[in-house]
Amino acid sequence: MSHPVLFVIDDDAGVVRALRDDLIRRFGEDFRVIGTSSAAAGLATLRELADEHVTVAVLIADHKMREMPGVDFLARAHDMHPRAKRVLLVERDYSVHSPVIQAMMLGQADYHISKPWMLEQDLYRGVGEFLAAWAKDQDADFELFHVIGRLHGRSTNELRELLTRFNVPFHFDSADSAEGRRLLERKGLHASRLPVMIRHDDYTMVDPTPAQIIEAVGGSTRNDVDECDVVIVGAGPAGLTAAVYAASEGLQTVVLEETVSGGQAGSSPMIRNYPGFPHGISGHELTRRACEQAWIFGAHLVFSQPAVGLDLRGDERLVLQADGHQIAARAVIVAPGIAWRRLGVPRLEALVGSGVFYGAAASETQAMEGRDVFVVGAGNSAGQTALHLARRARQVTMVVRGDSLARSMSDYLIREIEATPNLAVYLHTEVVDGHGTDHLDAITLHNRLHNRTEQVPAAALFVLIGGEPRTQWLPDVAQVDCGYILTGRDVVRDGVHPSRWPLDRAPFPLETSIPGVFAAGDARYRSIKRVASAVGDGATAVRLVHEYLAAMTQTKVR
Ligand SMILES: Cc1cc2nc3c(=O)[nH]c(=O)nc-3n(C[C@H](O)[C@H](O)[C@H](O)COP(=O)(O)OP(=O)(O)OC[C@H]3O[C@@H](n4cnc5c(N)ncnc54)[C@H](O)[C@@H]3O)c2cc1C
């Protein structure tokens, strides 16, 4: 098999030669580096490569070529090699006039390289990053698991989502395929109990529970700690950040997570506004790193183990786990985020996991290749999901109840949506019904403006219409607006409920109506609903836990 290609084009043959030589020196063992200074010849070469099924990993094009602007070249090259990462080569110009800004905003490039480049800091680090992102989209050459299941089965989808969230490489075979049948037969198993997971060491699980899967990939689902300094509930950005800070600052820390780490952010295909990642970072990658960081600092991470209750015993806060275990903590940080609001259409609810998905369902993107899919919602999360799907799907349609996206979506996303040819937006429209027996086949749309109803074929429907806080298990903590947790001044605000707060001192800023219990992230009343603000809350909550514990110690000394 021929090596994947790194492709370089610039009018200036000297630049092409220099870039080509530099790339060969570092990446030449594993990649073929092709360079040209003619757009027509470059496109012809790329066409030949596509016809010969040679993979192009990275396309690097100078932005101001005479024959054709770099973004246009990248667009045409990308049509032939849709999985290649697009890199714009530009002069160093950190003003607002740099072509990089518009190209990134409109989704015409994934990255940029500035000329002249420094070898280690710019070129090799950058191209290494592009290649890592490219490799993630490829079929893995190492699989930890073989999964055999029904292509559209709900449990198969749940399993795939879990493995994707846990960053576990796997290969999927439909139980109807020759390979699927062969594997089942080899194991003496029957297709009546699916999915089946076969680990690389042949350890096999039939219709496994989430906890069994997590244990099989090395995660913990049981907590053996009875007492600790702080329990953190939820391993989204807020909870993970709290875990990093608490564990690194010497607090014995237990994190309880209902599913796997990442939270909503973990399902976000590309977070563009998190500081420090100018080309964006997948939410999954960001939260995976935070999770590993918390673990390395010594936090106990317990997955598939929701907190189901909170009690008080003197100064101790007792957190009850779903398995009946109870942890006594000196303080608690609650960061359970929000759950997606449901559409409430019975026939669609019956197909959840079988073509209907709440949230971005990162694991499903590959399966959408060449299909017609719909995204319901008008917020940033819906916009990002639609853009991500448009890279694979034949046509993506956003279904929006209101009269514009501008009310709820960031400007950069709106511009990118407008510039994406296979992405349409239906305004004034609602999804009112779904069709399909085992899997979604079609949906019914209702245009409220023209009072028109039509049924359209749909391979999948992704619903991202906002959410409600996951705080029902905390009945004694003061909440407003369907469960958002009151903290700090809001707990004692205007003396509306003075009985909520039992102490003489005022609550600390993120403290809830129960002293020593803090709230962080999206579930907190007046939260900003951004990754960075959840991260900020998580870090702040730990600082406040220290203050709370110090105040407790002083009270005891007195
Ligand atoms: C598709 C998508 C794209 C987004 N894109 C962006 C973006 O580009 N930029 C940006 O800034 N923001 C973005 N957001 C918003 C951002 O992800 C959220 O604001 C952020 O994740 C909130 O973090 P959190 O930790 O408060 O809650 P969550 O991320 O919701 O995490 C909460 C965690 O708590 C767990 N949990 C809940 N209840 C319990 C319980 N009882 N016991 C144990 N665990 C529990 C949940 O399983 C979950 O893992 C996006 C959101 C989505 C869905």
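Below is a short write-up of the structure.

## Some words on the packing of aromatic side chains
Counted under the stated rule, the structure contains eight aromatic pairs. Plain terms: the ring middles of Phe-518 and Tyr-548 are 6.1 Å apart, the flat faces sit at 75° to each other, and that makes the pair edge-to-face. With Phe-518 in strand β28 (residues 517-519) and Tyr-548 in helix α15 (residues 531-557), this pair connects stretches of sequence that are 30 residues apart. Summarising the burial analysis for this pair, Phe-518 and Tyr-548 share the class buried. One Lys or Arg, Arg-342, reaches over the ring of Tyr-358 and ends 4.0 Å from the middle of that ring.

## Side note on the site of the ligand
As a matter of local geometry, the ligand sits amid 37 residues, with Glu-257, Gln-264, Gln-384, Asp-522 and Val-531 nearest to it. At a separation of 3.5 Å, an oxygen atom of the ligand approaches a polar backbone atom of Gly-263. Considered on its own, the ligand offers 1,000 Å² of accessible surface; in the complex 96% of this is hidden by protein. Of all the secondary-structure elements, those providing two or more residues to the shell around the ligand are α9 (237-248), β16 (338-340), α12 (380-390) and α15. Ranked by the residues each element gives to the shell around the ligand, the list is headed by α12, at three residues. Across the shell around the ligand, the residue classes break down as 18 nonpolar, 13 polar and six charged.

## A few points about the environment of Asp-311
Within the element layout of this structure, Asp-311 appears in strand β13 (residues 307-313). Separated by 92 residues in the primary sequence, Asp-311 and Gly-219 have C-alpha atoms spaced 27 Å apart. With sequence-adjacent residues up to four places away left out, Asp-311 is seen in contact with Glu-316, Arg-317 and Leu-318.

## Remarks on the sheet that holds strand β17 (residues 356-358)
Ordered in space as β17-β24-β18-β19-β20, the five strands form an open sheet in which the pairing is parallel. Since the sheet does not close on itself, it has two edges, and those belong to β17 and β20 (423-426), each with one partner. Averaged over all pairs of adjacent strands, the angle between strand axes in this sheet comes to 20°, irrespective of strand direction. When strand β19 (residues 395-399) meets β20, the two strands line up parallel, connected through four bridges. Counted as the bridge partner of Val-399 is Tyr-426 from β20. Contacting β18 (372-376), β19, β20 and β24 (460-463), α12 crosses the sheet at an angle of about 165° to β19.

## Quick notes on the pairing of strand β11 (residues 253-256)
Put simply, side chains in a regular strand alternate between the two faces of the sheet. With burial as the criterion, each face of β11 is covered, one bearing Thr-253 and Val-255 and the other bearing Val-254 and Leu-256. With four bridges joining them, strand β10 (residues 227-233) and β11 adopt parallel strand pairing. Among the inter-strand pairings, Val-230 is bridged to a residue of β11, identified as Thr-253. Regarding topology, α9 serves as the crossover connection from β10 to the parallel β11, and that connection is right-handed. Note: β11 against strand β12 (residues 300-302), three bridges, orientation parallel. Within β12, the position partnered with Leu-256 by the bridge is Val-302. Since β11 and β12 lie parallel, the crossover through helix α10 (residues 283-296) that links them has a hand, and here it is right-handed.

## Things to note about unusual backbone geometry
Backbone torsion omega between Lys-115 and Pro-116 reads -15°, so that peptide bond is classified as cis. Along the chain, Pro-116 turns up in the loop between β5 (111-115) and α5 (119-137). Note that the residue after Leu-194, namely Pro-195, is joined by a cis bond; omega there is -5°. Tracing the chain through its elements places Pro-195 in the loop between α7 (178-186) and β8 (196-199). A positive phi is found at Ser-304, a non-glycine position, where the angle reads about 50°. Within the fold, Ser-304 resides in the loop between β12 and β13.

## Side note on the packing of helix α2 (residues 39-51) against helix α3 (residues 70-80)
Direction vectors running N to C along α2 and α3 enclose 15°, while the axes themselves pass 9 Å from each other. The angle between α2 and α3 places the two elements in the roughly parallel class. The crossing of α2 and α3 is right-handed. Residue-level inspection shows Ala-39, Gly-42, Leu-43, Leu-46, Arg-47 and Ala-50 of α2 in contact with α3, the latter providing Phe-73, Arg-76, Ala-77 and Met-80.

## With respect to the sheet that holds strand β1 (residues 5-9)
The five strands are arranged β2-β1-β3-β4-β5 in an open sheet whose pairing can be described as parallel. The sheet is open, and its two edges are formed by β2 (32-36) and β5, each paired on a single side. With direction set aside, neighbouring strand axes in the sheet form an average angle of 20°. As judged from the five bridges shared by strand β3 (residues 56-62) and strand β4 (residues 85-91), these two strands associate in the parallel manner. Bridge pairing links Ala-61 to Leu-88 in β4. Relative to β2, α2 is tilted by about 150°, and along the sheet it contacts β1, β2 and β3. Of the strands in this sheet, β1, β3 and β4 are in contact with α3, which crosses β3 at around 160°.

## Here we look at the nonpolar core
Nonpolar side chains tend to gather and get buried jointly when the protein is soluble and globular. If you look at the biggest cluster of nonpolar residues, it comprises 45 residues, and the most contacted ones within it are Leu-163, Met-197, Ile-333 and Phe-518. The set of elements that each furnish at least two residues to this core consists of β6 (145-149), α6 (154-165), α8 (210-216), β10, α9, α10, β15 (326-334) and α15. Setting aside residues no more than four positions away along its own chain, Leu-163 makes contact with Phe-145, Val-147, Val-168, Phe-170, Met-197, Ile-213 and Val-217. Membership of the second largest hydrophobic core comes to 26 residues, among which are Ala-39, Leu-49, Met-65 and Ala-84.

## A short note on the packing of α12 against helix α13 (residues 411-418)
Orientation of α12 relative to α13, taken along the N-to-C sense of each, is 30°, at an axis distance of 10 Å. Of the possible angle classes, the one that applies to α12 and α13 is roughly parallel. Helix-helix and strand crossings are classified by hand; for α12 and α13 the assignment is left-handed. In this structure, α12 contributes Asn-380, Gly-383, Gln-384 and Leu-387 to the contact, and α13 contributes Tyr-412, Leu-413, Glu-416 and Ile-417. Of the residues that constitute the contact of α12 with α13, the class distribution is four nonpolar, three polar and one charged.

What counts and how
- Residues numbered from 1 in each chain as written.
- Predicted model: local features only at pLDDT ≥ 70, side-chain atom pairs only at ≥ 80, totals over all residues.
- Heavy atoms only, no water.
- Phe/Tyr/Trp six-rings, centres within 6.5 Å; stacked < 30°, edge-to-face > 60°.
- Helix = DSSP H or I, 4+ residues; strand = E, 2+ residues; numbered from the N terminus.
- Buried < 20%, exposed > 50% of the residue type's maximum accessible area, 1.4 Å probe, protein only.
- Lys NZ or Arg CZ within 6 Å of the ring centre and 35° of its normal.
- Near = heavy atom within 4 Å.
- Polar contact = N/O pair within 3.5 Å; in protein donor to acceptor, adjacent residues only side chain to side chain.
- Areas by Shrake-Rupley, 256 points an atom, 1.4 Å probe, with all protein chains shown as cover.
- Nonpolar A, V, L, I, M, F, W, Y, C, P; charged D, E, K, R; others polar.
- Contact = heavy atoms within 4.5 Å.
- Pairing = 2+ DSSP bridges.
- Axes fitted to C-alpha atoms, helices over the stretch in contact; angles between N-to-C directions.
- Right-handed = clockwise from strand over helix to strand, strands pointing away.
- Parallel < 35°, antiparallel > 145°, perpendicular 65-115°, else oblique.
- Left-handed = near helix turned anticlockwise from the far one by under 90°.
- Core = buried A, V, L, I, M, F, W, Y, C linked by side-chain atoms within 4.5 Å.

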